[in-house]
Amino acid sequence: MTGAGAEIAESVADPMVLAEKVHKSFGHVEVLKGIDMTVMPGQVAVLLGPSGSGKTTFLRCINHLEKINAGRLSVDGALVGYRQRGDKLYELRDREVAERRREIGMVFQSFNLFPHMTALGNIMEAQVQVLRRPRAEARDRAMTLLQRVGLADRARAYPSQLSGGQQQRVAIARALAMDPKLMLFDEPTSALDPEMVGEVLDVMRDLAGAGMTMVVLKHEIGFAREVADTLVFMDAGQVVETGDPREVIARPQHRRTRDFLSKVL
Amino acid sequence: MSMAEEPAVAERGLPITAVPVRHPGRWVAVAILLLLAAMAAHSLIFHPNWRWDTVRQYVFTDVVLQGLLKTIWITAAAMAIGIVLGIILAVMRMSPNPVVKTVAWLYIWFFRGTPVLVQIVFWVYLGQLYRYLSLGIPFGPEFVFFDVNELIPVILGGVLALGLNEAAYMAEIVRSGILSVGRGQTEAAEALGMRRLTLMRRIVLPQAMRIIVPPTGNEVISMLKTTSLLVLAAIPELFTTVQNIYNSNYQQIPLLVVASLWYLLVTSVLSVGQFYLERHFGRGVAAVRRTRPGRGVRTAGEA
């Protein structure tokens, strides 16, 4: 690790996300070929890379939507999907996997709001069903979050009545309602019309400013330069380059990074 | 273009007043169909063999109304069993647990693979196959005995037969509904820490209802008429009732008309109910189609 990662590693805190030689294959196709990555608490890591570089797969491994085949991946000191006792690994039960996922918020490229529930209902649902919060408390929390993402007046709207940018902001609020210690963003603005990208990035910027640990996948790099503590460039299932975003963007060390940046800048 | 000669076409910004396409064929077809309908109606009303006086005489009698009530009651009970068990079977069929999955598969295989007629006879005459049921240690001592004929009266046997058979069909309908809900919905719910049964109940099934309701309406209507098979077990539902009457007075046609009129009426009422159910479960979806066409396609293209 270089740059921001190394500086923060001097502090005593454990990494929020720690990946060591993570491999993942779909059938015979190896999508991740030994990923090493560290994200410290409070950091924003932006994963950059061309389509097919494996960054989406890696993100999905972090909350166990995909199983890794080799290596070690842990969130806040706990292995993802397994429990280690001695030198043996035990698969976690569904219930335990679900308990771990509560602490990791995820925002999808295509929002994936529940279409049969209002914005308010979307944000209350998992609070009530998973965290067993009383409805009144869940509603208060949901309204506070809607206020925070600037949509308090749309609480009663169904997702189909919201614009793409509004839907994504509701999706972020829905994830935040679980009080996660880590937020994963899978191309959160790629499905949006250009004029709506800003409103979603504003919410994410606020979140980063409030100290949330975030892993963000992005094609475009403006956000990375501005908000990220670490920029990780991935290509063909490997981490090519890691470092301070301004540094990497200004002086990429590897040819593959340079090629990619020249295309998107 | 000379504007003076064609003012109606050249005048921009006015509402279009074009001559619509004519469909003379439709009018000919309507004329022929009306003629045929009139002939059929004439025959239906005036041919003496329909015996409308007999129809009128029986249509509101107590026995017929009680038969109708029993038919409705059996349909409701059998569909309740079918829907509840069908949902359970569908969720089991899609379980990651291979034991659970296989049990559901075997159930559906068996009940879809044997005639419902045979199943009715089996349940109704179960008492002749197994006179007693008992609870106890397998192959060991028995503690409680049941007389099967007391445990399962004939009408309950009929309801069970129809309901258990229906469950197999409902399971496939529910499964198609579940499959219609996008993978993203499941993933979003999983990412929020929901477990399988919660996400099925709260997220997937409510959305699947939109697909499930129309064929289920079909099943209810079909069940309404399938209850007439219970004539085999001499259960006095609507069809058995009219059969009993025409067996003694030999007025088959008018009494079958009596039964058909009632079946037709109940079916019509059910169709109205189905309309409101569909509207309820379509909420939040209809608007998507209207206001955001092509959104899904474009998202996929940029991924």
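Residues numbered from 1 in each chain as written. Chains lettered and ligands numbered in written order. Predicted model: local features only at pLDDT ≥ 70, side-chain atom pairs only at ≥ 80, totals over all residues.

So, the overall build of chain A
Move 1: Helix and strand counts for chain A stand at 10 helices and 12 strands.
Move 2: With the principal axes as the frame, chain A shows a C-alpha extent of 50 × 50 × 40 Å.
Move 3: Looking at chain A as a whole, 51% of its 265 residues are labelled buried.
Move 4: A fraction of 66% describes how many contacts in chain A between residues 6 or more apart in sequence connect residues 24 or more apart. (Helix = DSSP H or I, 4+ residues; strand = E, 2+ residues; numbered from the N terminus. Buried ≥ 20, exposed ≤ 12 C-beta atoms within 10 Å, placed from the backbone. Contact = placed C-beta atoms within 7 Å.)

Some details on the overall build of chain B
Move 1: Scanning chain B from N- to C-terminus turns up 15 helices and 2 strands.
Move 2: Relative to its 303 residues, chain B shows a buried fraction of 26%.
Move 3: Sequence separation of 24 or more characterises 73% of the internal contacts of chain B that already satisfy a separation of 6 or more.

Comments concerning the sheet that holds strand E10 (residues 214-218) of chain A
All names here are of chain A.
Move 1: Reading across the sheet, the 6 strands line up as E8-E9-E10-E3-E11-E12 and stay open at both edges, with mixed pairing between neighbours. The outermost strands of the open sheet, each flanked by one partner alone, are strand E8 (104-107) and strand E12 (238-243). Between one strand axis and the next, the sheet turns by 20° as a mean value, whatever way the strands run.
Move 2: With 4 bridges joining them, strand E3 (residues 44-48) and strand E11 (residues 230-235) adopt parallel strand pairing. Across the sheet, residue Ala45 finds its bridge partner in E11, namely Thr230.
Move 3: Against the sheet, helix H6 (residues 164-176) engages E8 and strand E9 (182-186), with an angle of about 170° to E8. (Pairing = 2+ DSSP bridges. Axes fitted to C-alpha atoms, helices over the stretch in contact; angles between N-to-C directions.)

Describing the packing of helix H4 (residues 62-93) of chain B against helix H9 (residues 154-180) of chain B
Residues and elements named next belong to chain B.
Move 1: Relative orientation of the contacting elements H4 and H9 amounts to 45°, with a least axis distance of 6 Å. Judged on the interaxial angle alone, H9 and H4 are oblique. For the pair H4 and H9, the crossing hand works out as right-handed.
Move 2: In terms of residue class, the contact of H4 with H9 is built from 19 nonpolar, 4 polar and 3 charged. (Parallel < 35°, antiparallel > 145°, perpendicular 65-115°, else oblique. Left-handed = near helix turned anticlockwise from the far one by under 90°. Nonpolar A, V, L, I, M, F, W, Y, C, P; charged D, E, K, R; others polar.)

A closer look at the packing of helix H4 (residues 119-129) of chain A against H6(A)
Residue and element names in this part refer to chain A.
Move 1: Their axes nearest at 8 Å, the elements H4 and H6 cross at an angle of 25°. In terms of their interaxial angle, H4 and H6 are classed as roughly parallel. For H4 against H6, the interelement crossing comes out right-handed. On the side of H4, the interface is formed by Ala119, Asn122 and Ile123, while H6 contributes Val170, Ala173 and Arg174.
Move 2: The residue inventory of the contact of H4 with H6, partitioned by class, reads 4 nonpolar, 1 polar and 1 charged.

Description of H4(A)
Move 1: In terms of burial, H4(A) is a largely internal element, 10 of the 11 residues being buried.
Move 2: Looking at H4(A), one finds that the buried residues are Ala119(A), Leu120(A), Gly121(A), Asn122(A), Ile123(A), Met124(A), Glu125(A), Ala126(A), Gln127(A) and Gln129(A).

Some thoughts on the pairing of strand E2 (residues 29-39) of chain A
Move 1: Pairing between strand E1 (residues 17-26) of chain A and E2(A): 8 bridges, direction antiparallel. Following the sheet pairing, Phe26(A) is matched in E2(A) by Val29(A).

Focus on the environment of Ile108(B)
Residue and element names in this part refer to chain B.
Move 1: One can find Ile108 in helix H5 (residues 98-113).
Move 2: Considering only alpha carbons, one finds Ile108 and Met170, 62 residues apart in sequence, at a separation of 9.7 Å.
Move 3: The contacts of Ile108, once residues within four sequence positions are left out, are Leu89, Ala168, Ala171 and Glu172.

Some thoughts on the confidence of the model for chain A
Move 1: Confidence along chain A averages 90 in pLDDT terms, with 95% of residues attaining 70 or more.
Move 2: Scored below 50 in pLDDT, residues 1-10 of chain A makes 20 contacts in the model with residues more than four places away or belonging to other chains. (pLDDT = per-residue confidence, 0-100.)

With respect to the sheet that holds E2(A)
Residue and element names in this part refer to chain A.
Move 1: Here we have 4 strands laid out as an open sheet, ordered E2-E1-E4-E5, and antiparallel in their pairing. Edge positions in the open sheet fall to E2 and strand E5 (78-79), since each of these has one partner strand only.
Move 2: Pairing of strand E4 (residues 70-75) with E5, which is carried by 2 bridges, proceeds in the antiparallel orientation. What sits directly across from Val75, in E5, is Ala78.

Looking at the nonpolar core
Move 1: If you look at the biggest cluster of nonpolar residues, it comprises 125 residues, and the most contacted ones within it are Val17(A), Val46(A), Ile62(A), Ile123(A), Leu184(A) and Val215(A).
Move 2: Looking at which element gives the most residues to this core, the answer is H9(B), with 12 residues.
Move 3: Discounting residues that sit within four places of it in the chain, Leu184(A) has contacts with Leu59(A), Ile62(A), Asn63(A), Ile104(A), Gly105(A), Met106(A), Val107(A) and Val215(A).
Move 4: Ranked by size, the runner-up nonpolar core spans 11 residues in total, among them Leu68(B), Val242(B), Leu255(B) and Ala259(B). (Core = buried A, V, L, I, M, F, W, Y, C linked by C-beta atoms within 7 Å.)

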